[in-house]
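# Summary of the model geometry
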Number of protein chains: 2
Amino acid sequence: MIELIIKKRNGIELTKEEITSIIDGFTSESIPDYQISAFLMAVYFKGMTRAETANLTDIMMRSGELIDLSEIKGIKLDKHSTGGVGDKTTLILAPLVAAAGVPVAKMSGRGLGHTGGTLDKMEAIKGLSIDLSREEFIAQIKKTNIAVCGQNANLVPADKKLYALRDVTGTVDHISLISSSIMSKKLACGADAIVIDIKVGHGAFMKTIENAEKLAATMIGIGEKMNRKVTAVITSMNEPLGCTIGNALEIKEVIETLKGNGPEDLTKLCLELGSHMLVLGEVSENLIQARKTLNNLIDSGAAYKKFEELISAQGGDLNVIKQPELLPSTQFLETYKSTNEGFISELNALDIGLASVKLGAGRETKESVIDHGAGILLKKKIGDYVKKGEALAILYSNNPASFTKAAELMELAYTFSQEKPLEKPLILKTVH
Amino acid sequence: MIELIIKKRNGIELTKEEITSIIDGFTSESIPDYQISAFLMAVYFKGMTRAETANLTDIMMRSGELIDLSEIKGIKLDKHSTGGVGDKTTLILAPLVAAAGVPVAKMSGRGLGHTGGTLDKMEAIKGLSIDLSREEFIAQIKKTNIAVCGQNANLVPADKKLYALRDVTGTVDHISLISSSIMSKKLACGADAIVIDIKVGHGAFMKTIENAEKLAATMIGIGEKMNRKVTAVITSMNEPLGCTIGNALEIKEVIETLKGNGPEDLTKLCLELGSHMLVLGEVSENLIQARKTLNNLIDSGAAYKKFEELISAQGGDLNVIKQPELLPSTQFLETYKSTNEGFISELNALDIGLASVKLGAGRETKESVIDHGAGILLKKKIGDYVKKGEALAILYSNNPASFTKAAELMELAYTFSQEKPLEKPLILKTVH
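What comes next is a walk through the structure. Bear in mind that the values here come from a model prediction, so they are computed numbers and not experimental data.

### Quick look at the sheet that holds strand 7 (residues 332-337) of chain A
Residue and element names in this part refer to chain A.
- Across the sheet, which stays open at both edges, the four strands sit in the order 6-9-11-7 with antiparallel pairing between neighbours. Only two strands of the sheet have a single partner each, and these edge strands are strand 6 (244-245) and strand 7.
- Where strand 7 meets strand 11 (residues 391-397), six bridges bridge the pair, whose relative direction is antiparallel. Bridged to Glu334 within strand 11 is Leu395.

Below you can see the structure in the form of structure tokens.
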């Protein structure tokens, strides 16, 4: 192992056998963590070649159970987002695309810090279970064309262990390590094609478009090496997506959007990502056709119906979907008012995400308990004109003491200008 | 700790308090090794500033016992070599300089791999003990002006622990880490001034003069920050120093050199390093005077007498010094003959060092037992003309099976040329 550390440190490419011995040694604990962490830091500085990254992905993918979706006919699609604030796209996209005839086999994660997680949002729906066995998962897709569940503990254990070590050794933010971590999980879940939404901006992991492009290229490179089609869409995460942040609030917005009444940015993003999914899934010939199909599915109510199908297949109470006012709410709410007059020129997603955590909507640590009713409803977004004293947002919490802390963070999020700010694009780039 | 790793990873200077918390956490085991090794790899790539290196040295130095030499009058001198093949200078220099009136308080180490260690060489002398208590050490210096002993286990424990981790994580060869490791030990031993012999070449840790210069500058920088005078002499270690490699063989050469009959290169190096020691010790006004003093001490027999004094003070049998043929030898010896005719143009010190280990003169691992009689006597060195079949060296071993393996390594060491090679300088540079 010392030789392999030094080899990487000196910038020499490792063979597949060498990477295998490192990952096997790590998972079997025959190589101590202090050697792996030194290796990871050497990777941080020296990088990994395309071949090394693909090999690492492949080896991690095979470290646990592999989901075999071959029983399900058609090209199985998966979608991944690198995480943002107010990002409820999965719960809109999955039924939308499934309604178009593309089988959606989606394994999702939980939220941590300022970013939310699909599983947490789903659990805001009474009765709904995200724990499906492999058999249940496949049977549900065969029956309804859609399932969204939590990741099996046996899925990619090497990545789980490696991520935990990276998290405490300053080696998280490296393109190859991020890419192989994401892709090993997507590939182990058995998808044939994947659309990746790479968020860039204040509220995202990637802060610059250059880094987002590198991440896109690396993940597409892994896909190529492993014979899976990957499309990456780089999108802006400077302000929160949509108008809601917080689990039950976001479910309400999901329902509205599936019915065609969602906020403009969220709808736009879902149509964009969804179109790529239909093309990759070979249900539409091109993006224009795909977009037409998706619009029709929203207008006809078929997309919303598929959502209901998903919820009831996983045991969720349909009444709370039909009457969203029955979704969890909070004992207290407070209007957050503007102390300025002018156009909102910035609305920092990170600050808003952190404010929502203070209100109880997210997790400060992995052990935190989520309050599904808590969160923020944005009344104004970038480009809107507001007067002094006008409501910018409604804050929801069961802990009245949290309003002050949340308001302090909200205060940081807003910047005002006297001229209307130029509209910034939401979809920045598509990479195949 | 994660923040400190990321800070160093991003190239930001750490404060003394931050380095203290890292080293304290490491020695008390409240910071896990996997974080320390990631930090070390970040240091490998991002380096340490002068202030960081001096602070690390100071903190490590204070991690254990500090030897207080203030009872001993005069400027106490120490000497350090970065290690080479056939390097017996300490055992010549220490008595030579002590005879000139400079108190020599020397703590030495053992050999590992192709490099030998002073303590092992001393133990070739029957009865001699290298284990002195602090009181014995100081009392002996007060009485005889000289003591050479092993390092106390309580000396710089942080460095011992850190070196062990560096050794298995590919983070040994970094200038700041090497410098702080060496200097923390030297400073904990209480020396007021230090002469450092930085070896460069095949048989040395430093392979290029540029790196040797960086190491010199870093150690002098630490000395300045900690108010100790440091002179670094960069010397060549392409061929072995002197004509002997192996413990008893080297003791014989030490005796010859102290009597004025030593090989030219070894004598030259000892006079060079010794002169700097006399100047730093303020016994001589300049290097020319110092050299004169040292030559006189050799010619008068005073240097050799001081060596006898050192040996008997530490319990060594003076008979084996007076009659070196009584020193340990081996049951077998073999003449290693030339298969070429021409001038020796290269004599790779690393290969010769490894050959001597095969014969039993050194340690392959820390647990290996040394055969004090084993080793190599070089009959020819670079620049000598040899005929086919002429003796190049005599190999000594108690294990006849080792001769073949040693001869194979010897074979690699020699390069011949038809023209006499240009003489290469032994002393490359002096840095204050």
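### Some details on the interface of chain B and chain A
- In this complex, chain B contributes 22 residues to the contact, which on the side of chain A involves 22 residues.
- Regarding the contact of chain B and chain A, the summed buried area is about 1700 Å², with carbon and sulfur atoms giving 70% of it.
- The largest contributions to the chain B side of the interface with chain A come from B:Arg9, B:Tyr34 and B:Phe45, which together make up 37% of the buried area.
- Counting across the interface, chain B meets chain A through two salt bridges.
- Two residues, B:Arg9 and A:Asp173, come together in a salt bridge whose shortest N-O distance is 2.9 Å.
- Mapped onto the side of chain B that touches chain A, the elements with two or more residues apiece are helix 1 (2-9), helix 3 (33-46) and helix 8 (157-167) of chain B.
- Ranked by residues supplied to the side of chain B that touches chain A, first place goes to helix 3 of chain B with ten residues.

### Some details on the side chain of B:Thr144
Residue and element names in this part refer to chain B.
- Tracing the backbone through its elements, the reader meets Thr144 in helix 7 (residues 134-144).
- For Thr144, a relative accessible area of 7% corresponds to the buried category.
- Excluding anything up to four places from it in sequence, Thr144 contacts Lys306, Glu309 and Ala313.

### Here's the deal with the environment of A:Thr208
- Along the chain, the position of A:Thr208 falls in the loop between strand 4 (193-200) and helix 10 (209-225).
- Reaching out from A:Thr208, the side chain makes a polar contact with the backbone nitrogen of A:Asn211 at a distance of 3.2 Å.

### Concerning the relation of the copies chain B and chain A
- Least-squares fitting of chain B to chain A yields an RMSD of 0.1 Å, with the superposition described by an axial translation of 0.1 Å and a rotation of 180°. Taken together, the rotation and translation describe the operation of a two-fold axis. Identified as the residue of chain B closest to the rotation axis by C-alpha distance is B:Tyr34, at 1.8 Å.
- By residue overlap, the copies meet face to face through one surface: 100% of the interface positions of chain B are interface positions in chain A.

### Some thoughts on the nonpolar core
- In terms of nonpolar packing, the biggest core is built from 123 residues, with A:Ile36, A:Phe137, A:Ile198, B:Ile36, B:Phe137 and B:Ile198 touching the most fellow members.
- Non-local contacts of A:Ile36, meaning those with residues more than four positions away in its chain, are made with A:Met1, A:Ile22, A:Phe26, A:Ile31, A:Leu162 and A:Leu165.
- In this structure, A:Leu77, A:Ala204, A:Leu258 and A:Ala290 belong to the second largest nonpolar core, which totals 73 residues.

### So, the packing of aromatic side chains
All names here are of chain A.
- On inspection of all chains with the given rule, the structure shows nine aromatic pairs over all chains.
- Considering the side-chain rings of Tyr336 and Tyr414, the 6.0 Å spacing of their centres and the 25° angle between planes classify their relative orientation as stacked. Taken together, the residues Tyr336 in strand 7 and Tyr414 in strand 12 (residues 414-417) connect sequence positions 78 residues apart. Here the two residues Tyr336 and Tyr414 agree in accessibility, since each one is buried.
- Arranged with centres 6.2 Å apart and planes meeting at 15°, the rings of Tyr414 and Phe416 form a pair that is stacked.

### Section: unusual backbone geometry
- In this model, A:Val156 sits at a positive phi of 50°, which is unusual for a non-glycine residue.
- Here A:Val156 falls in the buried class, since its relative accessible area comes to 1%.
- With phi around 75°, B:Asn145 is a residue other than glycine that occupies positive phi space.

### Describing the sheet that holds strand 12 (residues 414-417) of chain B
Residue and element names in this part refer to chain B.
- The three strands are arranged 10-8-12 in an open sheet whose pairing can be described as antiparallel. Whereas interior strands pair on both sides, the edge strands pair on one side only; in this sheet they are strand 10 (385-386) and strand 12.
- Relative to strand 12, strand 8 (residues 342-347) is paired through four bridges, and the arrangement is antiparallel. Along strand 12, the bridge assignment pairs Ile344 with Phe416.
- Each of strand 8 and strand 12 touches helix 17 (residues 402-413); the most contacted strand, strand 12, lies at about 40° to it.

### As for helix 2 (residues 16-27) of chain B
Residue and element names in this part refer to chain B.
- Along its twelve residues, helix 2 runs 16 Å from first to last C-alpha, staying within 8% of the 16 Å computed at 1.5 Å per residue.
- For helix 2, the set of buried residues is Glu18, Ile19, Ile22, Ile23, Gly25 and Phe26. Viewed end-on, helix 2 has its buried residues packed into an arc of 165°, placing them on one side of the element.
- Tucked inside the fold, the buried residues of helix 2 contact helix 1, helix 3, helix 4 (50-61) and helix 8.
- Once helix 2 ends, the next one or two residues include Glu29, with phi positive near 65°.

### Overview of the environment of B:Leu333
Residue and element names in this part refer to chain B.
- Mapped onto the fold, Leu333 is located in strand 7 (residues 332-337).
- Separated by 64 residues in the primary sequence, Leu333 and Ser397 place their C-alpha atoms 6.2 Å from one another.
- If we skip the residues at most four places from it in the chain, Leu333 touches Ile394, Leu395, Tyr396 and Phe403.

### Some words on the environment of B:Arg363
Residue and element names in this part refer to chain B.
- Relative to the elements of secondary structure, Arg363 occurs in the loop between helix 16 (349-359) and strand 9 (375-378).
- Among the residues examined, Arg363 registers a relative accessible area of 11% and is labelled buried.
- As a C-alpha pair, Arg363 and His114 span 249 residues in sequence and 7.9 Å in three-dimensional space.
- Contacts of Arg363, omitting those with residues within four sequence positions, involve Arg110, Gly111, Leu112, Gly113, Asp120, Val357, Ser368 and Ile370.
- Here the side chain of Arg363 touches Asp120 through a polar contact of 2.8 Å, side chain to side chain.

Calculation rules
Residues numbered from 1 in each chain as written. Chains lettered and ligands numbered in written order. Predicted model: local features only at pLDDT ≥ 70, side-chain atom pairs only at ≥ 80, totals over all residues. Heavy atoms only, no water. Pairing = 2+ DSSP bridges. Helix = DSSP H or I, 4+ residues; strand = E, 2+ residues; numbered from the N terminus. Contact = heavy atoms within 4.5 Å. Buried area = accessible area lost by both parts, 1.4 Å probe. Salt bridge = Lys/Arg side-chain N within 4 Å of Asp/Glu carboxyl O. Buried < 20%, exposed > 50% of the residue type's maximum accessible area, 1.4 Å probe, protein only. Polar contact = N/O pair within 3.5 Å; in protein donor to acceptor, adjacent residues only side chain to side chain. Least-squares fit on C-alpha atoms with pLDDT ≥ 70 in both. Core = buried A, V, L, I, M, F, W, Y, C linked by side-chain atoms within 4.5 Å. Phe/Tyr/Trp six-rings, centres within 6.5 Å; stacked < 30°, edge-to-face > 60°. Axes fitted to C-alpha atoms, helices over the stretch in contact; angles between N-to-C directions. Expected span 1.5 Å × (residues − 1). Arc of directions from axis to C-beta.

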